[in-house]
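As a plain string of letters, each chain reads:
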Amino acid sequence: MSLLIGSTTIGLILALLALGIFISFRIFDFPDITAEGSFTFGAATAASLIVAGVNPLLASFIAFLAGMAAGAVTGIIHTRFNINPLLAGILVMTALYSVNLHVMGKSNMPLLSETTVFTWIENLSLSWSGADARTIILGWEVAVKDLWLLLFCFLVIVGFCITLWWFFKTNIGTAMRATGDNDQMIRALGVNTKLMIIVGMALSNGFIALAGAMLAQYQGFADVQMGIGMMVWGLASVIIGEAIINDNSVGFVILGAVLGSVLFRLLVAIALRWGLNPNDLKIITALFVFIALILPGLLKNKKLSFKRKANA
Amino acid sequence: MLKINHISKTFNPGTVNEVVALQDVSIEIEEGSFVCVLGTNGSGKSTMLNAVAGSFIVDEGIITLDHIDITKWGEHERAKFIGRVFQNPFSGTAPNMSIQENLALAMKRGKNRGIGWGLPASLIHEFRAMVKPLNMGLEDRLENPIGKLSGGQRQALTLLMATALKPKLLLLDEHTAALDPKTAAKVIDLTQQVIMKDKLTTMMVTHSMQQAVNLGDRIVMMHKGKVAYDFRGEEKKRLKINDLLTLFDELRRKDNIDTAVASMLADNYV
Ligand SMILES: Nc1ncnc2c1ncn2[C@@H]1O[C@H](COP(=O)(O)OP(=O)(O)O)[C@@H](O)[C@H]1O
Ligand SMILES: [Mg+2]
């Protein structure tokens, strides 16, 4: 049970990553691999600020801004210099690797003895229900502290989801969605699509960096490698979300991304528990996304060939 | 109103794909005038409209709108003054967004888009009244994605969107060419109504000589990136389809002579 609670909590944290990927991939149709760098960038920024004694909430906010800056650079490289989206992302991701090493000064930065946002929640739990308090849920004994952490992450995600949904319903947010849907049309209606892409990539990577910052605080360290595979991970979450919630209005896709992220994390935790080699995790994630991407096409072909046979 | 002053545009200069699309074109269009632009395929009609709309910056020349020099303005900046409908029904609307969201985007053409709510209830009422006269039953489907509509419905909506805020200049680029004749006639009717109602200054590219003869107060005929003929006033009113056909033939004959001369010269001297 505590495995499930822990996984759900991480799934909620990574939902911020899924939201970031949703913005780049789904709103803008921009395969933005900056994510791999900005995830670590967020973690590294928050970790080193916290170690330097900065308030963890402020540190997380600065990590968000750092991610936005990285995303904006990708957007600018793409729009101002006409460099293809993938390449623009790869350039920034590669550069961020060095930046992250500089920010942390080493490849791994422990946070276990530091005060993080999660230490606050643990202390809150401590003062509320005492140390090592346990409770029974569905016949399983779990630590009350873990429930507090879960609740906290849940509230944070709900807050961000509502804000994001609201944003994409405003005039500027609607224009952003239109930029991804038909840029020629929205330019003819007076929107600076280049600016929209830059702001959109900034927003996307802000979310992703915040996910990194939160995860670093939750797991108690930041590592320069922690961003690897995160883009595909986020994409898998978004795809799962779209499969369970078959409605492509903004609100539902946002909800789907969060559910997808939690579900995916749970599936992975269960698979690992059943003996999946952790080294195989990334290849399986990649295979999963590959299959999810080609499946709709395959199904369509099947249907077509079936029809053809029926007609013959 | 609109002054196009000696503009030229060459695509892919210095490569094997070099195309001189506009050569020293000058046109002046008065306020409230409705100009039909005719010409063979590839004569530069779309390029001229795109030059005015700012899809690219012209190589030479100056474009002014109401005495403002817009030659170097970006497309989205000019959109404040210009409404557009494209040939491709897919180009003018955002397919995955609802009809009402598309209309709401158009209500902000060229204005600041802040963090105000994108779809206030008051607007939705207004939209219902806007689409009802189209007689397409769209007033009950405002929440449907626009991509599910037919080409004719999308062009009709694009036209409404382009003119929802009165533009100084309306640019229509063969906006009925992709439609079946019946739908095309309907969209042309609507076009005429909209233009009359607000006395819009309009440039309409068309492939249909019938349309050119019936509509507007001026016909500009393009050929090889230049203005070949320009009829207005009484002269335009007297023009018949046959006259236009004769002019096209004349242009074609001239071309043939040119190529014949060129090949003769080539045979004899190269
Ligand atoms: N973006 C572009 N890139 C390269 N060539 C172009 C472009 N747009 C138009 N052209 C070329 O310019 C010429 C004029 O095209 P266009 O203005 O579209 O003609 P039309 O009169 O049929 O609308 C054509 O030869 C066309 O191939
Ligand atoms: Mg054309």
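Residues numbered from 1 in each chain as written. Chains lettered and ligands numbered in written order. Predicted model: local features only at pLDDT ≥ 70, side-chain atom pairs only at ≥ 80, totals over all residues. Heavy atoms only, no water.

Visitor: Tell me what's going on with the overall build of chain B, and back it up with residues and numbers.
Guide: In terms of helices and strands, chain B carries nine helices and 10 strands. Computed over C-alpha atoms, the radius of gyration of chain B comes to 20 Å, within 12% of the 18 Å expected from 2.2 N^0.38 for 270 residues, which places it in the range of a compact globule. Based on the C-alpha atoms only, the size of chain B along its principal axes is roughly 75 × 40 × 35 Å. Residues classed as buried in chain B amount to 50% of the 270 residues present. (Helix = DSSP H or I, 4+ residues; strand = E, 2+ residues; numbered from the N terminus. Rg over C-alpha atoms; globule rule 2.2 N^0.38 Å. Buried < 20%, exposed > 50% of the residue type's maximum accessible area, 1.4 Å probe, protein only.)

Visitor: How would you sum up the site of ligand 1? Please name residues and give values.
Guide: Residue and element names in this part refer to chain B. In the vicinity of ligand 1, the contacting residues are Phe11, Asn12, Val19, Ala21, Thr40, Asn41, Gly42, Ser43, Gly44, Lys45, Ser46 and Thr47. Within the backbone of Ser43, a nitrogen or oxygen atom sits 3.2 Å from an oxygen atom of ligand 1. Protein contact buries 61% of the 550 Å² of open area that ligand 1 shows by itself. At the level of secondary structure, the elements contributing two or more residues to the shell around ligand 1 comprise strand S2 (19-29) and helix H1 (45-53). Take the shell around ligand 1: its biggest share by element is three residues, from H1. For the shell around ligand 1, a count of residues per class yields three nonpolar, eight polar and one charged. (Near = heavy atom within 4 Å. Polar contact = N/O pair within 3.5 Å; in protein donor to acceptor, adjacent residues only side chain to side chain. Areas by Shrake-Rupley, 256 points an atom, 1.4 Å probe, with all protein chains shown as cover. Nonpolar A, V, L, I, M, F, W, Y, C, P; charged D, E, K, R; others polar.)

Visitor: Describe the packing of aromatic side chains, with residues and values.
Guide: Residues and elements named next belong to chain A. The full count for this structure, using the stated rule, is 13 aromatic pairs over all chains. Summarising the aromatic geometry, the rings of Phe22 and Phe168 are spaced 6.2 Å apart at their centres and angled 90° between planes, so their arrangement reads as edge-to-face. With Phe22 in helix H1 (residues 2-27) and Phe168 in helix H6 (residues 144-169), the pair connects residues that are 146 residues apart, well separated along the chain. Accessibility expressed as a relative area gives 0% for Phe168, which makes it buried. The interplanar angle of 90° and the centroid separation of 5.8 Å between the aromatic rings of Phe118 and Phe152 together place this pair among those described as edge-to-face. Residue Phe118 is found in helix H5 (residues 117-129), and its partner Phe152 is found in helix H6; the two are separated by 34 residues along the sequence. With relative accessibility at 3%, the residue Phe118 sits in the buried group. (Phe/Tyr/Trp six-rings, centres within 6.5 Å; stacked < 30°, edge-to-face > 60°.)

Visitor: Give a detailed account of the sheet that holds strand S9 (residues 218-223) of chain B, specifying residues and quantitative values.
Guide: Residues and elements named next belong to chain B. Ordered by their spatial adjacency, six strands build an open sheet running S6-S7-S8-S3-S9-S10, and the pairing between neighbours is mixed. What marks the edges here is a single partner per strand, and that holds for strand S6 (82-85) and strand S10 (226-232). Put simply, the sheet's adjacent strands are angled 15° from each other on average, direction ignored. Both S9 and S10 contribute to a ladder of six bridges, which runs antiparallel. Residue pairing in the sheet places Met222 in a bridge with Val227 of S10. Sheet strands touched by H1: strand S3 (34-39), S6, strand S7 (169-173), strand S8 (202-205) and S9. Its angle to S7, the strand with the most contacts, is close to 150°. (Pairing = 2+ DSSP bridges. Axes fitted to C-alpha atoms, helices over the stretch in contact; angles between N-to-C directions. Contact = heavy atoms within 4.5 Å.)

Visitor: Could you give me a rundown of unusual backbone geometry, with the residues and numbers involved?
Guide: Most peptide bonds adopt trans geometry, and most residues besides glycine take a negative phi value. Residue and element names in this part refer to chain B. Even without being a glycine, Asp24 presents a positive backbone phi close to 50°. Locating Asp24 in the fold gives a position in strand S2. Phi angles above zero are rare outside glycine, and Asn135 is one such case at about 55°. One can find Asn135 in the loop between helix H4 (121-131) and helix H5 (151-163).

Visitor: I'd like a rundown of the interface of chain B and chain A, residues and numbers included.
Guide: By a frequent convention, interface size equals the accessible area lost on bringing the separate parts together. Counting from both sides, the interface comprises 29 residues of chain B and, opposite them, 21 residues of chain A. Where chain B abuts chain A, roughly 2300 Å² becomes buried across the two surfaces, and 60% of that area is made up of carbon and sulfur atoms. When the area that chain B buries against chain A is broken down by residue, the three leading residues are His76(B), Arg113(B) and Trp117(B), summing to 28%. Viewed at the interface, chain A and chain B are joined by two salt bridges. Salt-bridge contacts for Glu75(B) lead to Arg187(A); the nearest nitrogen and oxygen are separated by 2.9 Å. (Buried area = accessible area lost by both parts, 1.4 Å probe. Salt bridge = Lys/Arg side-chain N within 4 Å of Asp/Glu carboxyl O.)

Visitor: With reference to specific residues and values, describe the sheet that holds strand S5 (residues 68-69) of chain B.
Guide: Residue and element names in this part refer to chain B. Read from one edge to the other, the open sheet built from four strands follows the order S2-S1-S4-S5, with strand pairing classed as antiparallel. Looking along the sheet, the strands with just one partner apiece sit at the ends: S2 and S5. Pairing analysis gives seven bridges linking strand S1 (residues 2-11) to S2, with the strands arranged antiparallel. Within S2, the position partnered with Ile7 by the bridge is Val25.

Visitor: Before we move on, can you summarise the environment of His102(A) with the specific residues and values?
Guide: Position of His102(A) among the secondary structure elements: in helix H4 (residues 85-104). Placed 58 residues apart in sequence, His102(A) and Ala44(A) show a C-alpha to C-alpha distance of 9.3 Å.

Visitor: I'd like to hear about the side chain of Thr170(A), residue by residue, with values.
Guide: When you line up the elements, Thr170(A) lands in the loop between H6 and helix H7 (171-181). Thr170(A) gets classed as buried once you look at its relative accessible area, which sits at 0%. Within the local environment of Thr170(A), its side chain forms a polar contact with the backbone nitrogen of Gly173(A), the two atoms lying 3.1 Å apart. Those residues in contact with Thr170(A) that lie beyond four places of it in its chain are Gly114(B), Ile115(B), Gly116(B), Trp117(B) and Gly118(B).

Visitor: Hey, could you go over the pattern of salt bridges for me, with residue numbers and the actual values?
Guide: In total, this model carries 13 salt bridges over all chains according to the counting rule given. Residues Asp59(B) and Lys9(B) are paired through a salt bridge, measuring 3.7 Å at the closest nitrogen-oxygen approach. Residue Asp59(B) is located in the loop between H1 and strand S4 (60-65), and its partner Lys9(B) is located in strand S1; the two are separated by 50 residues in the primary sequence. Here the salt bridges do not stand alone but share partners, grouping Asp183(A), Arg187(A), Glu75(B) and Arg84(B) into one network.

Visitor: Describe in detail the environment of Arg78(B), supporting the description with residues and values.
Guide: All names here are of chain B. Structurally, Arg78 is set in helix H2 (residues 75-78). Placed 25 residues apart in sequence, Arg78 and Leu103 show a C-alpha to C-alpha distance of 19 Å. Ignoring sequence-local partners within four residues, the contact set of Arg78 consists of Ala51, Val52, Ala53, Gly54, Ile57, Ile63, Ile70, Thr71, Lys72 and Trp73.

Visitor: Describe the side chain of Thr40(A), with residues and values.
Guide: Inspection of the secondary structure puts Thr40(A) in helix H2 (residues 34-51). In contact with Thr40(A), not counting residues within four places along its chain, are Asn100(A), Asp223(A), Val224(A), Met226(A) and Gly227(A).

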